[in-house]
Amino acid sequence: MASKLLASTLRQTLTKATAYSVTRQFSTAAAVSVAAAAPAPDSYEDPNGIIMKGVKIAGRPLYLDMQATTPVDPRVLDAMLPFFLSRYGNPHSRTHLFGWESDLAVENARSQISDLIGASPKEIIFTSGATESNNISIKGVMHFYKDKKRHVITTQTEHKCVLDSCRHLQQEGFEITYLPVGSDGIVDLKELRAAIRPDTGLISIMAVNNEIGVIQPMEEIGEICKEFKIPFHTDAAQALGKIPVDVEKWNVSLMSLSGHKIYGPKGVGALYLRRRPRIRVEPLINGGGQERGLRSGTLPTPLIVGFGSACEIAKKEMDYDHKRIMALQDRLLNGIREKIDGVVINGSVERRYAGNLNLSFAYVEGESLLMGLKEVAVSSGSACTSASLEPSYVLRALGVDEDMAHTSIRFGIGRFSTEAEIDRAVELTVKQVVKLREMSPLYEMFFFLLSLLTEKEGVNVWPGFPCLVTPEAYDWENNNFHLFDRVEADAASAFIALWLEKYNLSSQSQYEDVQQLKWNGDKQMVASVRNEVCKRLLIFALSEEAYLFHRRRIAESSHK
Amino acid sequence: MLRLASKRVLGLATRDGQSVSRPAQAVLPRFYHENVIDHYNNPRNVGSFDKNDPTIGTGLVGAPACGDVMKLQIKVDEKSGQIVDARFKTFGCGSAIASSSVATEWVKGKQMQEVLTIKNTEIAKHLSLPPVKLHCSMLAEDAIKAAVKDYEAKRSKGTIPEAAPVEKAADA
């Protein structure tokens, strides 16, 4: 397919461009290729499979990591190719046609991008990516207004580049407030209000989270920023082209955008910089004064053209893509939940971008799951942090327990994902989770504990999973659990509390909050209560007390 | 001519991709050794023994919050003190699973005192674990020691053998 594509593009290019320049291009290219690389055997791909990093797989894995990056849309590549091959002028060259046509293409891309976000083309500044845009926004704004403004508000779940820029400012003596988020990953507007100070110079909150896909209440945050006249920066790299973005509605002053998250090329991004009221930044990169002096350096015309074209396509196809991705997400989630229990969605269920599904599989460690899922390209969190062993800081900010944070997998669905891919991913995931659970001592202990409760205490506890599910909750006809809809969470927690009290365990601090669990009729709450109860049971199962209690029981029974 | 040209471009593209990726590959450590993959794909001796059987020693180490929990059990021949069988269950990364799998293989057929000399470095060497994964092999060493200790504690007490059938029912 790729060769077809390239051939068709080349055909286009060749008919448009002059024969002379093209031949010249190719003759040099061929010469370079002969000189540089002798016909090298493919280093890791051969007909029998792929061996890389010690892992052998039968073929290329299916790609479900669209938050890390996306493939370039063939239409985008079509738009880009002429600017590599024949229209290679420097857009800043004012003296010849090559420069003029490149400049025209860049300006065209600028308006394609501004169209997608409801801005004016003059408010778009090209950068190398969202990381650079975030850096310019945070450091640039604060450095510019440093005499009066000494305080920045951001959230704990921001992308690493925002957090790191803030750390950098902290070292320079600025003060930063890292707002906590709720268990659904959404920032609390009251807390945001409370955090605002007279010297607050910037509020930076991302639109769509890269790890868990939750969408922040942008309009409401924008309102607050307007009220206090504070510049509002948002990292919209994961939001652009996926959810409707409107700089007027959101009232943002600065916005970071990225090309390779929306089926455009890597290495290009943009910064939206509001003109009315004007927001000013100090440039990070000095030089030839391109992009109104805010970001010097020759613009990469082909990449920018690709970015612009990707934005245009995204604008046209956003609704269609959204419906499709939504259906695929449901297919993935339902497929997995049909087969295995103990699957938890991290982050808000309602306010989320459908293409990002972050799941935790209780009692299975994420990295080992990923290792078994080599035929599915997924990640356990953001690509930037997937090398470290630490559980995701985003999940920890959500209050996800460390043990559950270790079990998360992010499935990223995109424009080119297919139903067959989703089905295969479901199949492999289920197979692997079942295998690892059989191997998991935690899973074993949990069942042991439940059966202990059932048999020894005569309590009506069904060894359902991951919580206390009564036999009534079991749908015998369909062989299925009514997952927790019928479970009275407060009854469950009361039962646990009683049980702990009975064995004098309730006085210990780690069990205290079990009794504080309350059911407020909210489904989300049921989920969190369930997890809480489940967690307590686990802690108990792992603790010395459980062992001692168990021994005591046995000693008693044998005594009788 | 068109086909030729596009082929050349394609060829150039892939070759370029390689020449860029190859040095990077050489710099990066290999992620998993084939022994790790083997033990992960075909773990040896997965399962559980009855915890209260007097001939069984159980070692449970690690914490879920750290991402690794290892349960290793040994079955000991009471007369000779030889470990006749071993089982494990592990919650953790591939290296942790492989470490515990290797540990169960190594302890089988050995004397109790002998297995205490198994060092984490030997396990790590066998699996070529990278430095960030060394804690997995340490956990395996700890699990072996804990299992032996548990068995010895049981023997010195000798209090629970009659409870075994009851426990079996609960374990089911």
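Numbering of residues starts from 1 in each chain and follows the order in which that chain's sequence is written. The naming scheme follows written order: chains are lettered A onward, ligands numbered 1 onward. The predicted nature of this model means local features are confined to residues of pLDDT at least 70 and side-chain atom pairs, given and counted, to a pLDDT of 80 or more, with totals for whole chains, interfaces and linings taken over all residues. The side-chain quantities take in all heavy atoms of the structure and omit both hydrogens and water.

Topic: the overall build of chain B
Consideration 1: What chain B contains, in helices and strands, is 7 helices and 3 strands.
Consideration 2: Remark: exposure states derive from per-residue accessible area (1.4 Å probe, protein chains only) relative to the maximum for the residue type, with buried under 20%, exposed over 50%, and partly exposed in between. In chain B, which comprises 172 residues, the proportion classed as buried is 45%.
Consideration 3: Should any heavy atoms of two residues lie within 4.5 Å, those residues are counted as being in contact. Sequence-distant contacts in chain B: of pairs separated by 6 or more residues, those separated by 24 or more amount to 63%. Every helix listed is a DSSP run of H or I at least four residues long, and every strand listed is a run of E at least two residues long, numbered separately from the N terminus.

Let's talk about the confidence of the model for chain A
Consideration 1: By definition, pLDDT measures how confident the predictor is in each residue, and it falls between 0 and 100. Taken over all residues, the pLDDT of chain A has a mean of 77, while the share at 70 or more is 67%.
Consideration 2: Note on residues 502–532 of chain A: pLDDT is under 50 here. Beyond four places in sequence and across chains, it has 48 contacts.

Some points on the pattern of salt bridges
Consideration 1: Counted as salt bridges are all cases of a side-chain nitrogen of Lys or Arg within 4 Å of a carboxyl oxygen of Asp or Glu. All told, the structure shown has 24 salt bridges over all chains when counted by the stated rule.
Consideration 2: The partner of Arg415 of chain A in a salt bridge is Glu317 of chain A, and the shortest N-O contact between them spans 3.9 Å. Taken together, the residues span a long stretch of sequence, with Arg415 of chain A in the loop between strand S15 (408–412) and helix H14 (419–439) and Glu317 of chain A in helix H10 (residues 301–339) at a distance of 98 residues.
Consideration 3: You can call Arg415 of chain A buried: its relative accessible area is 8%.
Consideration 4: Overall, Glu317 of chain A belongs to the partly exposed group, its relative accessible area being 21%.
Consideration 5: The partner of Lys108 of chain B in a salt bridge is Asp85 of chain B, and the shortest N-O contact between them spans 3.6 Å. With Lys108 of chain B in the loop between helix H3 (94–107) and helix H4 (112–115) and Asp85 of chain B in strand S3 (residues 83–91), this residue pair connects regions lying 23 residues apart in the sequence.
Consideration 6: Residue class for Lys108 of chain B comes out partly exposed when judged on its relative accessible area of 34%.
Consideration 7: Here Asp85 of chain B falls in the buried class, since its relative accessible area comes to 18%.
Consideration 8: Through salt bridges with shared partners, a single network forms among Asp73, Arg75, Glu317, Asp321 and Arg415 of chain A.

Notes on the side chain of Asn346 of chain A
Consideration 1: The topology assignment puts Asn346 of chain A in the loop between strand S12 (343–345) and strand S13 (356–361).
Consideration 2: With residues near it in sequence (within four places) discarded, Asn346 of chain A still touches Ile212, Arg352, Asn358, Leu359, Ser360, Leu395, Leu398, Val400 and Ser408 of chain A.

So, the sheet that holds strand S11 (residues 269–273) of chain A
All names here are of chain A.
Consideration 1: Spatial ordering of the open sheet is given by S5-S11-S10-S9-S8-S6-S7, a layout of 7 strands whose pairing is mixed. Pairing within the sheet leaves two strands with one partner each, and these edge strands are strand S5 (124–127) and strand S7 (175–179). Taken over all neighbouring pairs, the strand axes of this sheet differ in orientation by 20° on average, direction set aside.
Consideration 2: Whether two strands pair comes down to DSSP finding at least two bridges between them. Note that strand S8 (residues 200–204) and strand S9 (residues 232–235) share 2 bridges and pair parallel. Comment: axis = line fitted to C-alpha atoms, over the contacting stretch for helices; angle = value between 0 and 180 degrees taken between N-to-C directions.

Notes on the packing of aromatic side chains
Residue and element names in this part refer to chain A.
Consideration 1: By convention, a stacked pair of Phe, Tyr or Trp rings (six-membered ring in the case of Trp) has centres within 6.5 Å and planes under 30 degrees apart, an edge-to-face pair has planes over 60 apart, and any other such pair is tilted. Summed over the entire model, instances satisfying the criterion amount to 3 aromatic pairs over all chains.
Consideration 2: Ring geometry for Phe144 versus Tyr145: centroids 5.2 Å apart, planes at 70°, classification edge-to-face.
Consideration 3: For Phe144, a relative accessible area of 34% translates into the label partly exposed.
Consideration 4: Measuring from ring centre to ring centre gives 5.5 Å for Tyr263 and Phe416, while their planes differ by 90°; the resulting arrangement is edge-to-face. Placement of Tyr263 in the loop between strand S10 (254–258) and S11 and of Phe416 in the loop between S15 and H14 is noted, with a sequence separation of 153 residues between them.
Consideration 5: Note on Phe416: relative accessible area 33%, which makes it partly exposed.

Examining the packing of helix H3 (residues 74–85) of chain A against H10 of chain A
Helix-helix packing is described using two parameters, namely the angle between the two axes and the distance between the axes.
Residue and element names in this part refer to chain A.
Consideration 1: Direction vectors running N to C along H3 and H10 enclose 160°, while the axes themselves pass 8 Å from each other. Taken together, H3 and H10 sit at an angle that is classed as roughly antiparallel. Between H3 and H10 the crossing geometry is right-handed. When H3 is examined against H10, the residues Arg75, Val76, Ala79, Met80, Phe83 and Phe84 are found in contact with a partner set consisting of Thr301, Pro302, Leu303, Val305, Gly306, Ser309, Ala310, Ile313 and Glu317.
Consideration 2: The residue classification treats Ala, Val, Leu, Ile, Met, Phe, Trp, Tyr, Cys and Pro as nonpolar and Asp, Glu, Lys and Arg as charged. All others, Gly included, are polar. Of the residues contributing to the contact of H3 with H10, the split by class is 10 nonpolar, 3 polar and 2 charged. Relative orientations are named as follows: roughly parallel for angles under 35 degrees, roughly antiparallel for angles over 145 degrees, roughly perpendicular for angles from 65 to 115 degrees, and oblique for any other angle. Crossing chirality is assigned from the near helix's rotation relative to the far helix, an anticlockwise turn below a right angle marking it left-handed and a clockwise turn marking it right-handed.

Quick word on the environment of Ala146 of chain B
Residue and element names in this part refer to chain B.
Consideration 1: Locating Ala146 in the fold gives a position in helix H6 (residues 134–157).
Consideration 2: By relative accessible area, Ala146 is classed as partly exposed at 24%.
Consideration 3: Sequence separation between Ala146 and Leu116 is 30 residues; the distance between their C-alpha atoms is 9.9 Å.
Consideration 4: Among all residues touching Ala146, those that are not within four sequence positions of it are Thr58, Gly59 and Val61.

Re the sheet that holds S15 of chain A
All names here are of chain A.
Consideration 1: Ordered by their spatial adjacency, 3 strands build an open sheet running S12-S13-S15, and the pairing between neighbours is antiparallel. For this open sheet the edge positions go to S12 and S15, each flanked by a neighbour on one side alone. Between one strand and the next, the sheet's axes are offset by a mean angle of 30°, whatever the strand orientation.
Consideration 2: Pairing of S13 with S15, which is carried by 5 bridges, proceeds in the antiparallel orientation. If you follow Leu357 over to S15, its bridge partner there is Phe411.
Consideration 3: The sheet strands contacting H10 are S12, S13 and S15, and the helix crosses S13 at an angle near 10°.

Section: the confidence of the model for chain B
Any segment with low pLDDT has predicted coordinates that should not be analysed in fine detail.
All names here are of chain B.
Consideration 1: Mean pLDDT over chain B stands at 75; residues scoring 70 or higher make up 71%.
Consideration 2: A low-confidence stretch, residues 4–30 stays under pLDDT 50, and its non-local contacts, those more than four residues away or across chains, total 24 contacts.
Consideration 3: Per-residue pLDDT stays below 50 along residues 160–172; that stretch engages in 24 contacts with residues further than four places along the chain or on separate chains.

Brief notes about H14 of chain A
Consideration 1: For a helix, the expected span equals 1.5 Å multiplied by the residue count minus one. With 21 residues, H14 of chain A extends 30 Å between its outermost C-alpha atoms, agreeing within 8% with the 30 Å of an ideal straight helix rising 1.5 Å per residue.
Consideration 2: Looking at H14 of chain A, one finds that the buried residues are Ile422, Ala425, Val426, Leu428, Thr429, Val430, Gln432, Val433, Leu436, Arg437 and Met439 of chain A.

A look at the nonpolar core
The nonpolar side chains of a soluble globular protein tend to be buried with one another.
Consideration 1: Ranked by internal contacts, the top residues of the largest apolar core, which has 117 residues, are Ile117, Met255, Phe307, Phe361 and Phe411 of chain A together with Ile74 of chain B.
Consideration 2: Counting residues per element, this core draws most heavily on H10 of chain A, which supplies 13 residues.
Consideration 3: In terms of nonpolar packing, the next biggest core, distinct from the first, is built from 39 residues, Leu202, Leu294, Tyr363 and Ala405 of chain A among them. In this description, a nonpolar core means a group of buried Ala, Val, Leu, Ile, Met, Phe, Trp, Tyr and Cys residues linked to one another through side-chain atoms lying within 4.5 Å.

Side note on the packing of H3 of chain B against helix H5 (residues 120–127) of chain B
Residues and elements named next belong to chain B.
Consideration 1: Between H3 and H5, whose axes approach to 10 Å, the crossing angle comes to 115°. Taken together, the axes of H3 and H5 are roughly perpendicular relative to one another. As H3 packs across H5, the resulting crossing turns out to be right-handed. Along the contact surface, H3 presents Ala98, Ser99, Val102 and Trp106, while H5 presents Glu122, Ile123, His126 and Leu127.

Examining the pairing of S8 of chain A
All names here are of chain A.
Consideration 1: Taken across its 5 residues, S8 has 5 buried, putting it largely inside the fold.
Consideration 2: As paired strands, strand S6 (residues 151–155) and S8 are joined by 4 bridges and run parallel to one another. Counted as the bridge partner of Thr154 is Ser204 from S8.
Consideration 3: Following the backbone out of S8, through helix H8 (residues 218–228) and into the adjacent parallel S9, one traces a crossover that is right-handed. Classification remark: right-handed applies to a crossover when, strands pointing away from the viewer, the course from the first strand over the helix to the second runs clockwise.

Focus: a positive patch on the surface
Residue and element names in this part refer to chain A.
Consideration 1: Nonpolar side chains (Val, Leu, Ile, Met, Phe, Trp, Tyr) are joined into patches within 5 Å and like charges within 9 Å, using only residues with over 30% relative accessible area and no salt bridge. Each accessible area value is a Shrake-Rupley result obtained with a 1.4 Å probe; residue values ignore everything except the protein chains displayed when judging cover. Under the convention used here, Asp and Glu are negative, Lys and Arg are positive, and both His and the chain ends fall outside the count. Taken as the charge location is NZ of Lys, CZ of Arg, CG of Asp or CD of Glu. Residues Lys122, Arg275, Arg276, Arg278, Arg280 and Arg292 make up a contiguous surface patch of positive charge.
Consideration 2: Summarising the element assignment, Lys122 is placed in the loop between helix H4 (97–117) and S5.
Consideration 3: Here Lys122 falls in the exposed class, since its relative accessible area comes to 54%.

A look at the pairing of S13 of chain A
Residue and element names in this part refer to chain A.
Consideration 1: Of all the 6 residues making up S13, 6 are buried; the element is thus mostly covered by neighbouring parts of the structure.
Consideration 2: Of the two faces of S13, the one lined by Asn356, Asn358 and Ser360 and the one lined by Leu357, Leu359 and Phe361 are each fully buried.
Consideration 3: With 3 bridges connecting them, S12 and S13 associate as antiparallel partners. The residue of S13 that forms the bridge with Val343 is Phe361.

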